[in-house]
Amino acid sequence: MAEIKRRTTLQIWGDVIFALFIRELRSKFNDKFGITWALVEPLSFILLLSYGRTLITGGDEVHTMPAFSFMMYGMLLVQLFLNVLAASAAAIKRNKPLYAFRQVQPISAVISATLQEALIKLFVYAAIILFMFFVVIEIRMDNALVLGLVIFLLVLFTASLGLLFGLAELYVEEVQKVRQIITRPIFFISGVFFSLQDMPQEYWPYLNWNPVLHAIELSRQAAYQSFGAKGVDLSFLVFSTLIMLFLALSCYRVFWKGAISR
Amino acid sequence: MISLQGVTKYYPSKLGNQYIFKDLWFDIPEGQNIGLLGSNGAGKSTLFRMLAGSEYPNRGQIQTNLNLSWPVALATGIHPQMSGRENTRFIGRVNGVIDLDSYEQKVRDFSELGKRYDLPVRSYSSGMRARLAFACCISINFDIYLIDEALSVGDPKFKKKARESMIEKSKKANLIMVSHDIDEIRFFCDSAIVIDKGNLDFYNDLEEAISVYQGEHR
């Protein structure tokens, strides 16, 4: 009969996250489109929006960036936010039957779902860069480190927010509806279509509380140094991420056992 | 030994918290096949799920150095869109099985699913699902198997096979089982824990426990 090995807690976590990851992958791309859909959907959206943007403001460039790249960073990052949030918040509940295995804990499900969405978007990003190469749009990566950092911070921020929502949804189911309503306007207030510098400065305070906006503008700035992002700040993104992460992990530590025992 | 240290467990409800256990201190001895007896709502399943680590007490803790199985009965964690083989690998990975390939083979042989092992579980009948779940559990070496009406799965032939393998297991490992079927408990267990009003009593003699349990029933 099959022997089991003694594992450290960290090894168990690794094994469980890996097992969940494969399991999710299996059910995620099970329809006829498979993984192509993950690419076609954002790509067609970006093409449409960047065309719309050039119609409105004229010219192929937006603040010295090609309109396509401008739209790509906006779309990809806002989709990254929306998808990771939805996936990580739903993961806790969806995997509830699996907590019958004592090795499987809600946070493993959240980490696995987050990792998955982030990797899918990374794949899409790479594919779009390839697309840009073939249709000869200028590809620039002036500060790749900052770009990576910004994306990492956004993922971490979103996963923490998702963890908080996921926990709350186990206690009060209706929180799910609240989450869906408050994420809807994110697309419009995060500077996907217009940069913050396009807005009159007196409206900035109504927009620049939003870390997703900061992430999008900073990623454009990192890719194209000449973009000249105004009104956004890396340290704001760093601190909102740290605060959200701290809040989420403390709430998780206090509530997770109670949440899955209900 | 599994020791329950100050375990308090309640479920919130409209009538306030419904306490199942209040500050319970108890040691479940090793090396015995134990049946859990108790009337409906006494907390058998709750205790069972807490032992398995599927649920947690509100206060206190449960400590053990033994390897406990998960509650076998339900088709726990079986994903309908994955094949039997993929489900097996998932369970193997989660439980830390060393050799996944040979584990896969054992489950395939035991569950008698044949070629269907590679089809998605949603095409299985409920009996076949239960067979898969039981095979996944029995093919791993645990110190204690938690059996929750699991031996009543499948057709008579599989039932017989499951019983035989369980008896074989109980030579090296132990069982803790919940069942309303007294005959089944007599068959597998040699001692019992009677749960009554949030108290646990261990009886080394199974018959004595059964008479206490049935006595309080009347």
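Everything discussed here concerns the structure shown above.
A few points on the structure. (Residues numbered from 1 in each chain as written. Chains lettered and ligands numbered in written order. Predicted model: local features only at pLDDT ≥ 70, side-chain atom pairs only at ≥ 80, totals over all residues. Heavy atoms only, no water.)

## A few points about the sheet that holds strand β4 (residues 59-64) of chain B
Paired through backbone hydrogen bonds, the strands of a sheet run either parallel or antiparallel to each other. All names here are of chain B. Under the convention used in this document: Strand pairing is assigned whenever DSSP identifies at least 2 bridges connecting the two strands. Put simply, DSSP marks the helices as runs of H or I at least four residues long and the strands as runs of E at least two long, and each gets a number from the N terminus on. In this analysis, axes come from line fits to C-alpha atoms, helices being fitted only over the stretch in contact, and the angle between any two N-to-C directions falls in the range 0 to 180 degrees. We call two residues in contact when some of their heavy atoms are within 4.5 Å.
Read from one edge of the open sheet, three strands run β2-β1-β4, paired in antiparallel fashion. Each of the sheet's edge strands pairs with one partner strand only, and the pair in question is β2 (18-28) and β4. Sheet twist, expressed as the mean angle between neighbouring strand axes with direction ignored, is 20°. Note that strand β1 (residues 2-11) and β2 share seven bridges and pair antiparallel. Looking across to β2, one finds that isoleucine 2 is bridged to isoleucine 28. Set on the sheet, helix α1 (residues 44-52) makes contact with β1, β2 and β4; between it and β1 the angle comes to about 125°.

## Comments concerning the pairing of strand β5 (residues 144-148) of chain B
Residue and element names in this part refer to chain B. Applicable threshold: Only protein chains enter the accessibility calculation, which uses a 1.4 Å probe; a residue is then buried when its area is under 20% of its type maximum, exposed when over 50%, and partly exposed in between.
By the criterion of burial, β5 is predominantly enclosed, with five of the five residues buried. Pairing between β5 and strand β6 (residues 174-178): five bridges, direction parallel. Bridge pairing in β6 places leucine 146 opposite isoleucine 176.

## Some details on empty space enclosed by the protein
Residues and elements named next belong to chain B. Where we set the bar: Here the term cavity refers to a set of points on a 1 Å grid, laid over the protein atoms alone, in which a 1.4 Å probe fits but cannot get out; the term pocket refers to an open set having protein on both sides within 12 Å along at least five of seven lines, with lining residues being those that place an atom within 4 Å of a point. Grid points are joined across faces, edges and corners, and a volume is the space filled by probe spheres set on the points. Residues are sorted three ways: Asp, Glu, Lys and Arg are charged, Ala, Val, Leu, Ile, Met, Phe, Trp, Tyr, Cys and Pro are nonpolar, and all the rest, Gly among them, are polar.
This model, assessed by the stated rule, comprises four cavities of 30 Å³ or more. Estimated volume of the largest cavity: approximately 50 Å³. Lining the largest cavity we find Met1, Ile2, Ile28, Pro29, Glu30, Gly31, Gln32, Ile34, Leu66, Ile144, Asn174 and Ile176. Residues belonging to the lining of the largest cavity are distributed by class as follows: eight nonpolar, three polar and one charged.

## Structural notes on helix α3 (residues 100-111) of chain B
Residue and element names in this part refer to chain B. Counted only if it meets this: One less than the residue count of a helix, multiplied by 1.5 Å, gives the span that helix is expected to have. Starting at the helix axis, one direction is taken to each C-beta atom, and the arc is that of these directions.
End to end, α3 covers 16 Å across twelve residues, agreeing with the expected 16 Å (1.5 Å per residue, within 8%). For α3, the set of buried residues is Leu100, Tyr103, Glu104, Val107, Phe110 and Ser111. Looking down the long axis of α3, one finds its buried residues gathered within 135° of arc, a one-sided arrangement. Buried-residue contacts for α3 involve α2 (84-95), α4 (126-138) and α5 (156-172).

## Let's talk about the interface of chain A and chain B
So the rule is basically this: Here the buried area means the combined drop in accessible surface, using a 1.4 Å probe, for two parts upon being joined, counting both sides. A pair is scored as a salt bridge if a Lys or Arg side-chain nitrogen falls within 4 Å of a carboxyl oxygen belonging to Asp or Glu. We define a polar contact as two N or O atoms separated by no more than 3.5 Å, with the added condition that, inside protein, one atom must be a possible hydrogen donor and the other a possible acceptor, whereas residues neighbouring each other in sequence contribute only through side-chain atom pairs.
Of the residues lining the interface, 30 residues belong to chain A; the matching set on chain B comes to 38 residues. Around 3,100 Å² of area is buried between chain A and chain B when both sides are counted, 57% of it from carbon and sulfur atoms. Scanning the region where chain A abuts chain B turns up zero salt bridges. Viewed at the interface, chain B and chain A are joined by seven residue pairs in polar contact (both at pLDDT 80 or more). Elements represented by at least two residues in the side of chain A that touches chain B include exactly α1 (9-28) and α10 (234-260) of chain A. Looking at the side of chain A that touches chain B element by element, the count peaks at nine residues for α1(A). Its residues assigned to classes, the side of chain A that touches chain B shows 16 nonpolar, four polar and ten charged.

## Digging into the nonpolar core
Spelled out, the test is: Note on terminology: a nonpolar core comprises buried Ala, Val, Leu, Ile, Met, Phe, Trp, Tyr and Cys residues joined through side-chain atoms within 4.5 Å.
Ranked by internal contacts, the top residues of the largest apolar core, which has 71 residues, are Leu37(B), Phe90(B), Tyr103(B) and Leu132(B). Sequence-distant contacts of Leu37(B), defined by excluding residues within four places in its chain, comprise Lys44(B), Ile182(B), Ile185(B), Ala192(B), Ile193(B), Val194(B), Ile195(B), Ala209(B), Ile210(B) and Tyr213(B). Counting 54 residues, the second-largest nonpolar core is a separate cluster that includes Leu43(A), Leu85(A), Ile129(A) and Leu218(A).

## With respect to the packing of aromatic side chains
This is how it is decided: Any pair of Phe, Tyr and Trp rings, taking the six-membered ring for Trp, is counted once the centres come within 6.5 Å. Such a pair is stacked with planes under 30 degrees apart, edge-to-face with planes over 60 apart, and tilted for the rest. Here, a charge over a ring is recorded when the distance from Lys NZ or Arg CZ to the ring centre is within 6 Å and its angle to the ring normal is within 35 degrees.
Counted by the stated rule, this structure contains 19 aromatic pairs over all chains. Note on Tyr171(A) and Phe255(A): the rings are 6.0 Å apart at their centroids and 75° apart in plane angle, and the pair reads as edge-to-face. Here Tyr171(A), found in helix α5 (residues 144-171), pairs with Phe255(A), found in helix α10; they are 84 residues apart in sequence, far enough to count as distant. For the pair Trp70(B) and Phe142(B), a centre-to-centre distance of 6.0 Å together with 85° between the ring planes defines the contact as edge-to-face. In this pair, Trp70(B) sits in the loop between β4 and α2 while Phe142(B) sits in the loop between α4 and β5, placing the two residues 72 residues apart along the sequence. Comparing Trp70(B) with Phe142(B) shows no difference in burial state: the two are buried. Feature note: the residues Phe101(A), Trp70(B), Phe90(B), Phe142(B) and Tyr145(B) constitute an aromatic cluster, connected by ring pairs. The ring of Phe90(B) carries the charged tip of Arg23(A) above its face, separated from the ring centre by 4.5 Å.

## A short note on the packing of α5(A) against helix α9 (residues 211-223) of chain A
All names here are of chain A. Using the following cut-off: Relative orientations are named as follows: roughly parallel for angles under 35 degrees, roughly antiparallel for angles over 145 degrees, roughly perpendicular for angles from 65 to 115 degrees, and oblique for any other angle. Note on convention: near helix rotated counterclockwise from far helix by under a right angle means a left-handed crossing. Clockwise means right-handed.
One can describe the packing of α5 onto α9 by two numbers: an axis separation of 9 Å at closest approach and a directional angle of 165°. In terms of orientation, α5 lies roughly antiparallel with respect to α9. Here α5 and α9 pass one another in a crossing that is left-handed. Residue-level inspection shows Val146, Leu147, Val150, Leu154 and Phe157 of α5 in contact with α9, the latter providing Pro211, Val212, Ala215, Leu218, Ser219 and Ala222. Its residues assigned to classes, the contact of α5 with α9 shows ten nonpolar, one polar and no charged.

## A word on unusual backbone geometry
Here the phi dihedral of Val136(A) falls at roughly 55°; this positive angle occurs in a residue that is not glycine. Looking at where Val136(A) falls in the secondary structure, it is placed in the loop between α4 (106-134) and α5. Its relative accessible area of 72% is what places Val136(A) among the exposed residues. Phi at Asp23(B) is positive, roughly 45°, even though this residue is not glycine. Looking at the secondary structure, you find Asp23(B) in strand β2.

Just geometry here; none of it tells us what the structure is for.
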